[in-house]
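# Examining the three-dimensional arrangement
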Amino acid sequence: MEDQNKSSDKTPKVTGVGGIFFFSDNPKETREWYAKNLGFEVNDWGSTFESRNINDPESKEILQWSPFKKDDAYFSPSKKEFMVNYRVQNIEGLISKLKENGVTVLDEIVTYDYGKFVHILDADGNKIELWEPV
């Protein structure tokens, strides 16, 4: 099997999990519980876990863990109690592909200093956040 340089791969696809978001009756207490009992380093947004990309060890990847206040509008229109953020490459190409496949795209791609974001719904009505890091 030929070793492929993954950094040159621009195929529109998910490359990993970028975040786990869920409802909590009291996000502050939930963050504090995880800090006290499981050693999470928390801030007002939750906790950030860093790792290295196995195909590019110089590249750092993050996973954001965040409890949200129950019924936070950020999860709308989904009625679920969680949302997953997937790290992607070539977000524009992926959105084109998803639209061709009839996937519900909830908003336009928005760009921040730390990456591009867009939201979709899966077949079960779960809101999914797609993130292409900088």
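These remarks concern the structure in this document.

Right, let's get into the overall build of the protein chain. Counting its regular elements, the protein chain contains two helices and nine strands. The order of helices and strands in the protein chain, counted from the N terminus, is β-α-β-β-β-β-α-β-β-β-β. Taken along its principal axes, the extent of the C-alpha atoms in the protein chain is 45 × 35 × 30 Å. Sorting the 134 residues of the protein chain into buried and exposed places 34% on the buried side. Of the contacts formed within the protein chain by residues at least 6 apart in sequence, a portion of 56% connects residues at least 24 apart. Taken together, the 17 basic and 24 acidic charged side chains of the protein chain have centroids lying 2 Å from each other.

This part covers the environment of Leu 63. Looking at the secondary structure, you find Leu 63 in strand β4 (residues 56–69). When its relative accessible area of 22% is taken as the criterion, Leu 63 is described as partly exposed. Taking the C-alpha atoms as reference points, Leu 63 and Ser 47, separated by 16 residues in sequence, lie 8.4 Å from one another. Contact partners of Leu 63, with chain neighbours within four places excluded, come to Val 17, Gly 18, Gly 19, Ile 20, Ser 47, Thr 48 and Phe 49.

Here we take up unusual backbone geometry. Residue Pro 77 is bonded to the preceding Ser 76 through a cis peptide linkage, with omega at 10 degrees. Mapped onto the elements, Pro 77 comes out in the loop between β4 and β5 (82–89). Positive phi values are uncommon outside glycine, yet Asp 71 reaches one of about 70 degrees. Within the secondary structure, Asp 71 is located in the loop between β4 and β5.

By the secondary structure assignment, Ser 47 is in strand β3 (residues 46–53). Using a relative accessible area of 2% as the deciding quantity, one classes Ser 47 as buried. Ignoring anything within four residues of it in the chain, the contact list for Ser 47 reads Phe 40, Glu 41, Val 42, Leu 63, Gln 64 and Trp 65.

Below, the discussion takes up the side chain of Gln 64. Looking at the element boundaries, Gln 64 is found in strand β4. Setting aside chain neighbours within four positions, we find Gln 64 in contact with Gly 18, Gly 19, Ile 20, Phe 21, Trp 45, Gly 46, Ser 47 and Thr 48.

This part is about the pairing of β5. Inspection of the sheet shows strand β1 (residues 13–24) paired to β5 by eight bridges, in the antiparallel sense. Directly across from Phe 21, in β5, lies its bridge partner Met 83. Sheet topology note: the β5/strand β9 (residues 127–133) ladder contains four bridges and is parallel. Note that in β9 the partner of Arg 87 across the bridge is Trp 131.

This part takes up helix α2 (residues 91–100). Within the sequence span of α2, burial applies to Ile 91, Leu 94, Ile 95 and Leu 98. Along the axis of α2, the buried positions cluster into a sector of 100 degrees, meaning they face one direction only. For α2, the secondary structure elements touched by its buried residues are β1, β5, β6 (104–105), β8 (115–121) and β9. The first or second residue beyond α2 is Gly 102, which carries a positive phi of 80 degrees.

About the cut-offs
- Residues numbered from 1 in each chain as written.
- Predicted model: local features only at pLDDT ≥ 70, side-chain atom pairs only at ≥ 80, totals over all residues.
- Heavy atoms only, no water.
- Helix = DSSP H or I, 4+ residues; strand = E, 2+ residues; numbered from the N terminus.
- Buried < 20%, exposed > 50% of the residue type's maximum accessible area, 1.4 Å probe, protein only.
- Contact = heavy atoms within 4.5 Å.
- Lys, Arg positive; Asp, Glu negative; His and termini not counted.
- Charge placed at Lys NZ, Arg CZ, Asp CG, Glu CD.
- Pairing = 2+ DSSP bridges.
- Arc of directions from axis to C-beta.

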